[in-house]
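# Working through the structure, step by step
Here is how the chains run, residue by residue.
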Amino acid sequence: MARIVGGIGSSHTPTIGFALDAKKQADPVWAPIFEGYKPVQRWLQEKRPDVLFFIYNDHVTSFFFDHYSHFALGVGAEYAVADEGGGPRNLPPIKGHPALARHIATALTAEEFDLSYFQAKPLDHGCFSPLSVMWPHDAGWPGAIVPLQVGVLEFPIPTARRCFRLGGALRRAIESYPEDLKVAIVATGGLAHQVHGERAGFNNTPWDEEFLDLLERRPEELSGLTIAQYAERGGLEGAEVIMWLIMRGALATKVKKLHSAYYLPSMTPIVTVIYEDDSPVTAVESDAEFRERIGRELAGVERLPGTYPFTLDRSVKAYRLNHFLHRLIEPEFRRRFLADPEPMFAEAALTDEERDLVRRRDWRALIHYGAIFFLLEKLAAVVGVTNLHVYAAMRGQTLEEFQKTRNAQVLYSVAGQGAHIKQ
Ligand code: FE2
């Protein structure tokens, strides 16, 4: 079974990554940053977690306001370092853990937390700034991450209480995962700082100290504060510290603090803490009962013939192919596709199997492989085939045979104004 080995709290200011990249270890102004992370490095080295569940927020790098969500769970196989304006930092990509992420998604959804899912998005300094100082990576990262991006930038954002409760559900989700895995929960952000407006430069060390004390001993009190109260005490951007409540909620009622460091060099305090459980955590249902309950929504669907729910499994496996087909909504992309798709297959790094499926328009095999139907209807529209052709082909029938099963003999597609339907 998977096991939570403890929790880490860390600021995620870009300063931390900058200090590392600029090799400031011996500079007295920067040295306290590295001192603060040494116990974290040692703890991670000693505990050897297989996975870090990494709670952070993106800073309008990979997540924009065309679609902004509260809790975005990373379900992908690998995460690259984001370019935030001057090229990505020179760090290797880090592996994800799609199977654990899928289990967590299923469990949290069953507990009525509404998540969104992401993959193939690079992670910005919210993740890699502290991660690069915590975990060695010159020869590759020692483990994987499951990132959780919390939307704390566009109001209304999740409440502190929602974050704390999410942590409790997260614990059960992780510890019911059947594989033997050691998981550490890492929460990032804060502490008190403000970076915008006339109040830019606001800090509040006494509040930071009180926050850390409450987080350790009485986290429920922190979950009762409003975002405005966090902003008043810790600056508006400092309110992102509600993410630490997710980590704390995933730990026992009583924790022991193994480490705490605080250093305020410029705009944002650089803070690190390590907690481990110090009281038992008892589950109200057995792992088997819990897994049965969270699997209930899709239980039995496998018995429906010719039915393939678009699960995270399929989404991760067929991501490149679906992404390729999705780009057919771009006029220039589909123009090139109709002229000569071969160089585009190479650019998109599609496998031979994927290329073959698209070339042959093998609608049934595309579904079996993991393409979602709503991208097949786009491909059909582009190549001048109707939806009815696709339905018939998926059933292994001719169009005429399939039409006999319909009440009216109509043909349609989603081609819009570009419709040029082959009869
Ligand atoms: Fe942040």
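Look above for the structure.
Throughout what follows, the structure given in this document is the object of discussion. A quick note: this is a predicted structure, and the numbers were derived from the prediction, not measured.

### Observations regarding the sheet that holds strand S10 (residues 270-277)
- Taking strand neighbours across the sheet as the criterion, the eight strands line up as S6-S3-S7-S2-S8-S1-S10-S9 in an open arrangement whose pairing is mixed. The outermost strands of the open sheet, each flanked by one partner alone, are strand S6 (116-118) and strand S9 (255-263). Strand-to-strand twist in this sheet, taken as the mean axis angle between neighbours without regard to direction, amounts to 20°.
- Set on the sheet, helix H4 (residues 125-134) makes contact with strand S1 (3-10), strand S2 (51-56), strand S7 (144-150) and strand S8 (182-188); between it and S2 the angle comes to about 140°.
- Set on the sheet, helix H5 (residues 160-175) makes contact with S1, S2, strand S3 (71-74), S7, S8 and S10; between it and S1 the angle comes to about 150°.

### Notes on the coordination of the iron ion
- At this site the iron ion is bound by His12 (NE2), Asn57 (OD1), His59 (NE2) and Glu240 (OE), with donor distances of 2.1 to 2.5 Å.
- All donors to the iron ion come from one chain, and their sequence spacing reads H-x44-N-x1-H-x180-E. Taken together, the residues span a long stretch of sequence, with histidine 59 in the loop between S2 and S3 and glutamate 240 in the loop between helix H8 (227-234) and helix H9 (243-249) at a distance of 181 residues.
- Here histidine 59 falls in the partly exposed class, since its relative accessible area comes to 25%.
- A residue is classified by how much of its surface remains accessible, and glutamate 240, at 7% relative accessible area, is buried.

### Here's the deal with the packing of aromatic side chains
- Throughout the structure, instances matching the rule amount to 15 aromatic pairs.
- Arranged with centres 5.4 Å apart and planes meeting at 20°, the rings of phenylalanine 373 and tyrosine 391 form a pair that is stacked. Here tyrosine 391 lies in helix H18 (residues 387-395) and phenylalanine 373 lies in helix H17 (residues 373-383), a separation of 18 residues in the sequence.
- Taking relative accessible area as the criterion, phenylalanine 373 reaches 15% and is therefore assigned buried.
- Seen in terms of ring centroids, tyrosine 391 and phenylalanine 402 are 6.2 Å apart; in terms of plane orientation they differ by 55°. Their pairing is tilted. Linking tyrosine 391 in helix H18 with phenylalanine 402 in helix H19 (residues 399-403), this pair joins segments that are 11 residues apart in sequence.
- Of the residues examined, tyrosine 391 reaches a relative accessible area of 22% and is grouped as partly exposed.
- Here the aromatic residues Trp207, Phe211, Tyr230 and Trp244 are joined through ring pairs into a cluster of three or more.
- Seen from the ring of phenylalanine 202, arginine 199 lies directly overhead, with NZ or CZ sitting 4.0 Å from the centre.
- Here lysine 317 stacks its cationic end above the ring of tyrosine 369, 3.9 Å away from the centre of that ring.

### Let's talk about the environment of glycine 295
- Within the secondary structure, glycine 295 is located in the loop between helix H10 (287-294) and helix H11 (312-317).
- Along the backbone, glycine 295 and glutamate 354 are 59 residues apart, and their C-alpha atoms lie at a distance of 30 Å.

### Digging into the environment of lysine 317
- Mapped onto the elements, lysine 317 comes out in helix H11.
- The exposure class of lysine 317 is partly exposed, given its relative accessible area of 48%.
- As for lysine 317 and glycine 370, which are separated by 53 residues in sequence, their C-alpha atoms are 7.1 Å apart.

Rules of the game
Residues numbered from 1 in each chain as written. Predicted model: local features only at pLDDT ≥ 70, side-chain atom pairs only at ≥ 80, totals over all residues. Heavy atoms only, no water. Pairing = 2+ DSSP bridges. Helix = DSSP H or I, 4+ residues; strand = E, 2+ residues; numbered from the N terminus. Axes fitted to C-alpha atoms, helices over the stretch in contact; angles between N-to-C directions. Contact = heavy atoms within 4.5 Å. Donors = N, O, S within 2.8 Å, 3.2 Å for Na, K, Ca; no water. Buried < 20%, exposed > 50% of the residue type's maximum accessible area, 1.4 Å probe, protein only. Phe/Tyr/Trp six-rings, centres within 6.5 Å; stacked < 30°, edge-to-face > 60°. Lys NZ or Arg CZ within 6 Å of the ring centre and 35° of its normal.

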